[in-house]
Each structure stands twice: as structure tokens, then as C-alpha cells.
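Fold and geometry: a report
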Protein chains: 2
Amino acid sequence: MNQNLFAPTDETVPNLESLRIDTPPVTLREMALERLRNAIIAGLFSPGQRLVERTLCDQLGVSRSVIREVLRHLETEGLVETAPKQGPIVARIDWHQARQIYDVRIALETTAVADCARNADAATKEKLKTVLEDLDRNSRKNDALTILAATTEFYETIFLSGGHEIAWDIVKRLNSRISRLRVMTLSTTNRTVSGPARMREIFNAILRNDPDAATTACRAHIEEAAQIAESLLVPGKHGKP
Amino acid sequence: MNQNLFAPTDETVPNLESLRIDTPPVTLREMALERLRNAIIAGLFSPGQRLVERTLCDQLGVSRSVIREVLRHLETEGLVETAPKQGPIVARIDWHQARQIYDVRIALETTAVADCARNADAATKEKLKTVLEDLDRNSRKNDALTILAATTEFYETIFLSGGHEIAWDIVKRLNSRISRLRVMTLSTTNRTVSGPARMREIFNAILRNDPDAATTACRAHIEEAAQIAESLLVPGKHGKP
DNA sequence: TCTCGTATGATGGTATACCATAAGATCACG
DNA sequence: CGTGATCTTATGGTATACCATCATACGAGA
């Protein structure tokens, strides 16, 4: 009888979900992971720089066990590589890798964007509108980090609205690997203009439920970023291809 | 002068690469990682099963430090999840996730296959031919593991021939997450026939340098697998949708 | 008989100790 | 002055010790 009271149909009582005490097992490791990851993404460590375990222990104030597990995690994420006989270093990125990352992003993001254009509900469209408005407000300030965050939120909305959590996860990781590149890209002439413009194209296509146009705009958005990145990363390609 | 001798143009002397003694720093951790990963993929541990650290220490004969770092690695790969207040367990996979994985594979593999159809050189085509012939020889034996390995090699050739190492890495990881599913899929009626057939379609399209046909065949290949997986994973979908 | 409290054992989180090795410096010898 | 050997030190790899917490079981009392 009690059973009936507390688990009536197993799905018709979502209220009970909210009762759940989501334990904050904010472990040392998780904090250290976030700190270190952000530090690397922010460029606090330069690519190729050695990450000496004991030094990190002092800097983060935790023991080596924690540091080592965090390094393993970041290694799997691609932010850290382990040089043989030398230990962990901040991963370097060359143009060959960066180009591949942009290619994967094109493959995944065009898919998500097209799907969103097909199936987006009103709430999603509203959310995208809000994000774009914020972006417009901020783009004038030319603050790279702010624009980056808004761009991320824009695509996150698109991915998650279609239930593509795994693809979004992949894209997030790839983006963290080219984070420096993305910031540099945004510092480039009028990228702070062309980026939001492309995103508005995508948005309009989604509003019209036009998957093809959305795909095209999305591809253009990423491809432009890739072009700028290439000019930054490949010395000979600064204007003359 | 010595400098000129040993690093002439930095790229015109690939022979020096072969001189490199690739140190085999086959660390305990790497061995344990491979063992444990294979064990999970092979289904030695069932999904949801707890992975008690100290038990694994005994089973693998290493200390907890190693085990914990390996678990972190597998966690990032998606093969292991850490339940709060309970510790690491073998990741479960539901249909929602599996479907997403198939979707990502479609996005990445169609891209790679189309690119291969556009640019494949003779050596690549030859390699693919060999792989398919091996597959044909073995498919009659209906040995799921062998077929799986050949399928993997087929796609690996396609990805790597186009220089898509990162995308291939992603696909490999995703595949390990649905490994059980893939084996089950192959055990299904005539999947051991339809799979190779689709791969031959892809191969023929690549031979003809026909990216569109290759894309279509590749999508069909994965979509078929996804259909079978769905019928296995979703009880109500066994034949009547 | 049921419920509540306590105790005990297991488990993960964290820190530290030890060891082998590789890189760098110093010094002796040619 | 240069070359080479040796010693020192720093570093990562590995193992172990300690602790807080959670779950289970058992027992006492209503």
C-alpha cells in the first residue's frame, strides 16, 4: 500500500524528482580538473609547456594523486599529451589537426542545424532569438570572450533542442582544443561582425524551417572561421593563397 | 654545419624519422587500460556492474593508483560512469544514446567516405579491395568478431587515407561504447550478409569516384545497423513499428 | 512484530613514501 | 680547451597508508 503511495505509476509524479537531493559531491578532483582545464583553455599555459606534476600540486594545493587523475582526464580530452620520457605537456595544435577539427564540426553542426530547422519548436526559436539579441548587444563591444560564450550558447541550444547531447559533447571537446585559435580568430578584422551575421542567417533559416539554407549558412560560418584560422596558423597564407 | 647535416630542410629527409627509436614506455597503466577496456568491450563486465577499485587491483595485479587513473581514462571515453556515492560502474547504454551514436557515425563516416571517393589513390583502392576480399572469405564463417574487425579495418582505411585521424578517433571511441550492440547486431539474421554487401557498394562507388553514391551507401549501411540495434534495444519495435 | 539506533565493514577520496631513470652539471683527464 | 665520465637532482611510475562516509546488519525497545 505504501508502495502504491510513493511510486504510483513510476512516471506520472515528476514532483518527486524535485525532492531528490542532488548530492554535491564536489570532489577535489573535479575542482582541480575544471581549474586546470580553464587555465589551459585560457592560455595560461602555452602549448608544449611541460606540466610538472609536483609543481601543479603546489599551484593547485592538492596532492599528486588528484593531479595525475586530472591529467589523465585532460589527456583523453586532447588538451594534454604525454611526451615519452618527459611527462605531460600542453597539447600543441598544428594546422592539419585544426583543419580536421573544423571538418568534424562542419559534419556535426550542419547535421544538428538542419535537424533543428526541421523540428524546432517555438521555445527553441525563442531561445535562439534571445541569444542572438544578447550577442548583437555585446558584439559592438568587441569582447572576444563574451562573443565566444554567446556563440557557444547558440549552438548548444541547437544541439540540445534536437536531443543531440553526445554530438554536442564531442563538439565542446573539439572546441576546447582549438580555444586559443577561436579567440585569435575573433580578434581578426570584422570577424566579430561576420560571425553573428552568419548565425543570424542560420537563425532565419531555422525560423523558416529551411534545413538546406541552415546547412549552407552553418557550413559558411565554420568555413570562414577555418579560413581565418588557417591564415593565422600557416605563415604563407596570410592573404595570398 | 652539423646542423645543416642533420636538419637540412626539416621535411625533405623522412628517412631520419625511421631512425627514431620509438621508446616502448609500455607502462603498467597502459597495459591495465587496454586490458580493462577490452574486458568491458568484450562484455566481461555487464552494464551497470560496479567496478570496485580494490577488486580490480587484485584482478589486474596492480595498485589502486593505476586502477584509478585507468578508470578516469575510461570514464572520459564514455565506457565507465561514476555513480555518486557509489563509485565507478560500467556505463549503461540506452536507445536514445545509441541512436545518437549512430547519427554521429553517419555524419562523420559519410563525410569520410565521400572524401575518399573524391580523392582515393590507387593504393587505397587496392587496400580496400584486399580488406573486402578477406571479409568475403570470412563472412561465410559467420564469426562476428572477425567481421567486426574487418569492418573496422575497412573504415579505418577510408578515414586515414583522407587524413581524418581525429574523426576516426571519435568514431573508434563511439564504436567501443556500442560494442555489445554491434556484436548483437551481427548475430542477427543475415546481417553478416547485408553488411558486407553495403560495404561493397561503398567500395564500388569509391572505385568509380562517385561521392554521392558512396554517401548513400554508407548512410544505408549505418542506418541498417541502427534499425537492427533499435529492434534489439527497444522491446516494442521487434517487427511492428 | 515493527521500527529505530548503533556498530561494523567496505569503499572511494586523499595524501605520502619509495624507486628507477633520464637529464643536467660538474670535474677530471687527455 | 675540449671531451667524457660520474654524480646529483628532478621527475614520473608505483605502491601504500589514512580517513570520512555510506550501506548493511544486528539488536534493543515499543
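This text gives an overview of the structure that appears in the document. (Residues numbered from 1 in each chain as written. Chains lettered and ligands numbered in written order. Predicted model: local features only at pLDDT ≥ 70, side-chain atom pairs only at ≥ 80, totals over all residues. Heavy atoms only, no water.)

1. A few points about the overall build of chain A
- Each helix and strand counted, chain A has twelve helices and two strands in total.
- When the helices and strands of chain A are placed in sequence order, the string is α-α-α-α-α-β-β-α-α-α-α-α-α-α.
- Contacts in chain A between residues at least 24 apart in sequence constitute 72% of all its contacts with a sequence separation of at least 6.
- In the form shown here, chain A has an accessible surface area of approximately 12900 Å², with 52% of it arising from carbon and sulfur atoms. (Helix = DSSP H or I, 4+ residues; strand = E, 2+ residues; numbered from the N terminus. Contact = heavy atoms within 4.5 Å. Areas by Shrake-Rupley, 256 points an atom, 1.4 Å probe, with all protein chains shown as cover.)

2. Points about the relation of the copies chain A and chain B
- Structural alignment of chain A on chain B gives an RMSD of 0.0 Å, achieved by rotating through 180 degrees and translating 0.0 Å along the axis. Considering both components of the superposition, the chain copies are consistent with a two-fold axis.
- When the interface residues of chain A are mapped onto chain B, 100% of them are again interface residues, pointing to one common binding face. (Least-squares fit on C-alpha atoms with pLDDT ≥ 70 in both.)

3. Digging into the protein's contact with DNA strand D
- The environment of DNA strand D is formed by 20 residues, the closest being Arg54 and Arg68 of chain A together with Thr27, Leu28 and Ser65 of chain B.
- Restricting attention to atoms of DNA strand D within 4 Å of the protein, one finds that 55% of them are sugar or phosphate atoms.
- For DNA strand D, a phosphate oxygen lies 3.2 Å from a polar atom in the backbone of glutamate 53 of chain A.
- Within the backbone of leucine 28 of chain B, a nitrogen or oxygen atom sits 2.7 Å from a phosphate oxygen of DNA strand D.
- Among the secondary structure elements, those contributing two or more residues to the surface near DNA strand D are helix 4 (53-60), helix 5 (64-77) and strand 2 (87-90) of chain A together with helix 3 (28-41) and helix 5 (64-77) of chain B.
- A total of three residues in the surface near DNA strand D trace back to one element, the largest contributor, which is helix 5 of chain B.
- Looking at the surface near DNA strand D residue by residue, the classes come out as six nonpolar, five polar and nine charged. (Near = heavy atom within 4 Å. Polar contact = N/O pair within 3.5 Å; in protein donor to acceptor, adjacent residues only side chain to side chain. Nonpolar A, V, L, I, M, F, W, Y, C, P; charged D, E, K, R; others polar.)

4. Details of the environment of arginine 72 of chain B
- Of note, arginine 72 of chain B is situated in helix 5.
- Taking the relative accessible area as the measure of exposure, arginine 72 of chain B reaches 2% and is therefore buried.
- When the C-alpha atoms of arginine 72 of chain B and threonine 82 of chain B are compared, they prove to be 9.2 Å apart, with ten residues separating the residues in sequence.
- When near neighbours in sequence (up to four residues on either side) are disregarded, arginine 72 of chain B contacts Arg29 and Glu69 of chain A together with Thr82 of chain B.
- Polar side-chain contacts of arginine 72 of chain B include one of 2.9 Å to the side chain of glutamate 75 of chain B. (Buried < 20%, exposed > 50% of the residue type's maximum accessible area, 1.4 Å probe, protein only.)

5. A word on helix 3 of chain B
- Between its first and last C-alpha atoms helix 3 of chain B spans 20 Å; for 14 residues at 1.5 Å apiece the expected length is 20 Å, and the two agree.
- Where helix 3 of chain B is buried, its residues touch helix 5 of chain A together with helix 4 (53-60), helix 5, strand 1 (80-83), strand 2 (87-90) and helix 10 (179-186) of chain B.
- Positive phi appears at glycine 43 of chain B, one or two residues downstream of helix 3 of chain B, with a value of about 90 degrees. (Expected span 1.5 Å × (residues − 1).)

6. A few points about the pattern of salt bridges
- Tallied over the entire structure, the rule returns 36 salt bridges over all chains.
- Notably, a salt bridge pairs arginine 105 of chain A with glutamate 109 of chain A, separated by 2.9 Å at the nearest N-O pair. Taken together, the residues arginine 105 of chain A and glutamate 109 of chain A, both in helix 6 (residues 95-119) and four residues apart, mark about one turn of the helix.
- Classification of arginine 105 of chain A as buried rests on a relative accessible area of 6%.
- By relative accessible area, glutamate 109 of chain A is classed as buried at 1%.
- Here glutamate 133 of chain B and lysine 129 of chain B are joined by a salt bridge, their closest N and O atoms 3.4 Å apart. Pair noted here: glutamate 133 of chain B and lysine 129 of chain B are both in helix 7 (residues 122-139), with a separation of four residues, about one helical turn.
- Since its relative accessible area comes to 37%, lysine 129 of chain B is described here as partly exposed.
- Where salt bridges share partners, they join Arg29 and Glu69 of chain A together with Glu53, Arg64, Arg68, Arg72 and Glu75 of chain B into one cluster. (Salt bridge = Lys/Arg side-chain N within 4 Å of Asp/Glu carboxyl O.)

7. Overview of the packing of aromatic side chains
- Counted according to the given criterion, the structure contains four aromatic pairs over all chains.
- An angle of 85 degrees between the planes, with centres 5.5 Å apart, marks the rings of phenylalanine 154 of chain B and tyrosine 155 of chain B as edge-to-face. (Phe/Tyr/Trp six-rings, centres within 6.5 Å; stacked < 30°, edge-to-face > 60°.)

8. Comments concerning the protein's contact with DNA strand C
- Taken together, the neighbourhood of DNA strand C is formed by 20 residues, with Thr27, Leu28 and Ser65 of chain A together with Arg54 and Arg68 of chain B sitting nearest.
- Near the protein, meaning within 4 Å, the atoms of DNA strand C are sugar or phosphate in a fraction of 54%, with bases accounting for the rest.
- In this structure, a base nitrogen belonging to DNA strand C sits 2.5 Å away from a side-chain N or O atom of serine 65 of chain A.
- Within the side chain of arginine 54 of chain B, a nitrogen or oxygen atom sits 2.7 Å from a base nitrogen of DNA strand C.
- By residue number, the principal contributor to the surface near DNA strand C is helix 5 of chain A, which donates three residues.
- Of the residues that constitute the surface near DNA strand C, the class distribution is six nonpolar, five polar and nine charged.

9. Side note on the side chain of glutamate 53 of chain B
Residue and element names in this part refer to chain B.
- In this fold, glutamate 53 is placed in helix 4.
- Judged by its relative accessible area of 12%, glutamate 53 is buried.
- A polar contact is formed between the side chain of glutamate 53 and the side chain of arginine 68, at a distance of 2.8 Å.
- Excluding its chain neighbours within four sequence positions, the residues that come into contact with glutamate 53 are Arg64, Ile67, Arg68 and Leu71.

10. Digging into a nonpolar patch on the surface
All names here are of chain A.
- On the surface, Val26, Leu28 and Met31 cluster together into a nonpolar patch covering about 270 Å² of accessible area.
- Tracing the sequence through the fold places leucine 28 in helix 3 (residues 28-41).
- The exposure class assigned to leucine 28 is partly exposed, which follows from its relative accessible area of 44%. (Patch = residues over 30% accessible without salt bridge, like charges linked within 9 Å, V, L, I, M, F, W, Y side chains within 5 Å.)

11. Digging into the interface of chain A and chain B
- Each side of the interface is counted separately: chain A has 28 residues, and chain B has 29 residues.
- A combined buried area of about 2400 Å² lies between chain A and chain B, and 62% of that area is made up of carbon and sulfur atoms.
- At the boundary of chain A and chain B, one finds four salt bridges.
- Residue glutamate 69 of chain A pairs with arginine 72 of chain B through a salt bridge whose shortest N-O separation is 2.9 Å.
- Counting the contacts that link chain A with chain B gives 16 residue pairs in polar contact (both at pLDDT 80 or more).
- Sorting the residues of the side of chain A that touches chain B by element identifies helix 5, helix 6 and helix 9 (165-177) of chain A as the ones contributing at least two each.
- At eight residues, helix 6 of chain A tops the list of elements feeding residues into the side of chain A that touches chain B.
- Of the residues contributing to the side of chain A that touches chain B, the split by class is nine nonpolar, nine polar and ten charged. (Buried area = accessible area lost by both parts, 1.4 Å probe.)

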